[in-house]
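Here is what each chain is made of, one letter per residue.
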Amino acid sequence: MDELELIARLTRDLPRNASVRVGAGDDCAVIDGGAPDRWLLLKTDAVVEGVHFTAETPPEKIGHKALARCLSDVAAMGGEPGSALVTLGLPPGFDPQRIEGIYTGLNTLARRHGVAIVGGETTTNPGALLVSIALTGSVERNRCVLRSGAQVGDVLFVSGELGGSIEGRHLDFEPRLVEARWLTEHFAVHAMIDLSDGLASDLRHVLNASGVGAELRGPAIPISRTARLRAKAGGSARPPLLAALADGEDFELLFAVSSRDAVPLLDAWKARFPGLPLSCIGRVLLERGLRLRDHLGVRTLEGHGYVHFAQPG
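Residues numbered from 1 in each chain as written. Predicted model: local features only at pLDDT ≥ 70, side-chain atom pairs only at ≥ 80, totals over all residues. Heavy atoms only, no water.

## Details of the nonpolar core
Consideration 1: Ranked by internal contacts, the top residues of the largest apolar core, which has 53 residues, are Val 131, Ile 133, Leu 183, Phe 255 and Leu 265.
Consideration 2: With eight residues, the top contributor of residues to this core is helix H2 (residues 59–76).
Consideration 3: Apart from the residues lying within four places of it in its own chain, the contact partners of Leu 183 are Val 189, Met 192, Leu 253, Phe 255, Leu 265 and Trp 269. (Core = buried A, V, L, I, M, F, W, Y, C linked by side-chain atoms within 4.5 Å. Buried < 20%, exposed > 50% of the residue type's maximum accessible area, 1.4 Å probe, protein only. Helix = DSSP H or I, 4+ residues; strand = E, 2+ residues; numbered from the N terminus. Contact = heavy atoms within 4.5 Å.)

## Thoughts on empty space enclosed by the protein
Consideration 1: Under the defined criterion, the tally for this structure stands at one cavity of 30 Å³ or more.
Consideration 2: Taken as a whole, the largest cavity holds about 30 Å³ of empty space.
Consideration 3: Contributions of two or more residues to the lining of the largest cavity are made by strand S8 (189–194), helix H6 (199–210) and strand S10 (253–257).
Consideration 4: Of all the elements, S10 adds the most residues to the lining of the largest cavity, at three residues. (1 Å grid on protein atoms, 1.4 Å probe; cavity = no way out; pocket = protein on both sides within 12 Å on 5 of 7 lines; lining within 4 Å. Points joined across faces, edges and corners; volume = space filled by probe spheres on them.)

## Some points on the packing of aromatic side chains
Consideration 1: A complete count under the given rule lists six aromatic pairs for this structure.
Consideration 2: Their ring planes at 80° and their centres at 5.9 Å tell us that Trp 182 and Trp 269 sit as a pair that is edge-to-face. You can see Trp 182 sitting in helix H5 (residues 177–186) and its partner Trp 269 sitting in helix H9 (residues 262–272), a full 87 residues away along the chain.
Consideration 3: Judged by relative accessible area, Trp 182 falls into the buried class, the value being 10%.
Consideration 4: Relative accessible area serves as the criterion here: at 1%, Trp 269 is assigned to the buried category.
Consideration 5: Arranged with centres 5.4 Å apart and planes meeting at 85°, the rings of Trp 182 and Phe 273 form a pair that is edge-to-face. Highlighted residues: Trp 182 in helix H5 and Phe 273 in the loop between H9 and strand S11 (278–285), separated in sequence by 91 residues.
Consideration 6: Residue classification places Phe 273 among the buried residues on the basis of a relative accessible area of 9%.
Consideration 7: Among the aromatic residues, those joined into a cluster by ring pairs are Trp 182, Phe 187, Trp 269 and Phe 273.
Consideration 8: Over the ring of Trp 39 we find Arg 141; its NZ or CZ atom is 4.0 Å from the centre of that ring. (Phe/Tyr/Trp six-rings, centres within 6.5 Å; stacked < 30°, edge-to-face > 60°. Lys NZ or Arg CZ within 6 Å of the ring centre and 35° of its normal.)

## Notes on helix H3 (residues 96–112)
Consideration 1: Between its first and last C-alpha, H3 extends 25 Å over 17 residues, near the 24 Å set by a 1.5 Å rise per residue.
Consideration 2: For H3, the secondary structure elements touched by its buried residues are H2, strand S4 (80–90), strand S5 (116–124) and strand S6 (130–140).
Consideration 3: A distance of 3.0 Å separates the backbone nitrogen of Gln 97 from a side-chain oxygen at the start of H3, and that oxygen is part of Asp 95.
Consideration 4: Count one or two residues on from H3 and you reach Gly 114, which has phi positive near 70°. (Expected span 1.5 Å × (residues − 1). Polar contact = N/O pair within 3.5 Å; in protein donor to acceptor, adjacent residues only side chain to side chain.)

## So, H5
Consideration 1: Taken across its ten residues, H5 has seven buried, putting it largely inside the fold.
Consideration 2: On the buried face of H5, the contacting elements are H2, S4, S6, S8, S10 and H9.

## Description of the side chain of Asp 194
Consideration 1: Its location among the elements puts Asp 194 in strand S8.
Consideration 2: For the buried residue Asp 194, which engages in no salt bridge, the nearest side chain bearing the opposite charge is Arg 147, 5.7 Å off.
Consideration 3: Here Ser 72 takes part through its side chain, which lies 2.8 Å from a polar atom of the side chain of Asp 194.
Consideration 4: When residues no more than four places from it in sequence are discounted, the contact partners of Asp 194 are Asp 27, Ser 72, Asp 73, Ala 76, Asp 202, Phe 251 and Glu 252. (Lys, Arg positive; Asp, Glu negative; His and termini not counted. Salt bridge = Lys/Arg side-chain N within 4 Å of Asp/Glu carboxyl O.)

## Side note on the sheet that holds S6
Consideration 1: With mixed pairing, the six strands of this open sheet are ordered in space as S1-S2-S3-S6-S4-S5. At either end of the open sheet lies a strand with only one pairing partner, and these are strand S1 (20–22) and S5. When strand polarity is set aside, the average angle formed by the axes of neighbouring strands in this sheet is 25°.
Consideration 2: Here S4 runs beside S5; their pairing, made up of seven bridges, is parallel. Of the residues in S5, the one forming a bridge with Thr 87 is Glu 121. (Pairing = 2+ DSSP bridges. Axes fitted to C-alpha atoms, helices over the stretch in contact; angles between N-to-C directions.)

See the structure below:
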């Protein structure tokens, strides 16, 4: 059983109440907290030694990544972060200086984005170091973006470059909070998600939630220089396009807007964020499924990105 199958089983019959606007299944839960014009956002995420970082990873980068993952999900909703709780699962014989270093990374990123760290929990974890973040946020009701709003005829955009994050970017990426807020202020964003598990997997989340399909243009997918260099070096590295589709932990924004907004959006983005590429990579179709168009023609895209608990092969 992989992560997606397990989540589907666990969320079949979750209790809800009248405050829930969006429950499990999007980047954040959306709650009516009583404010007349804003929704409350709730998010939790964890990083585990041996999965998301190694024993040699600088502790400041562990703390940065732990919080940045949650901030990236708030960005995908068009929201602003609020307060965070930190849970530490500590192995026997842990180094207190290492834990302090993790908090240095947490605190630095939190201050940059106005996040208050208001407490948490410590516990023993015999296996490995674990850092779990629970984050609140908020978003104006008319600016909240879900995965489920993609419409037939929309165009798909992605920020930044994809693939090769294992070389270090997965530890020090900057969550796209500013960019997402700008997007929802100036354009009607129909659907959005952050790319944590890879373009192929995360786009499928949007398509499944929206009940549509899509076609990607292979040459338009922005492949990072790191992914290209890794492929040239050989070894077990994926071909560049496959790395961009499946590597995961890019934490860029993938979003859908009306085709009539495509050119104005590109022009305005270049003026506002000149150092960050924005690429139009495909379109939303009525027919379900995901297809790739390149020099070989159009074919069904079967591959996925990273899935926890999935068996190799």
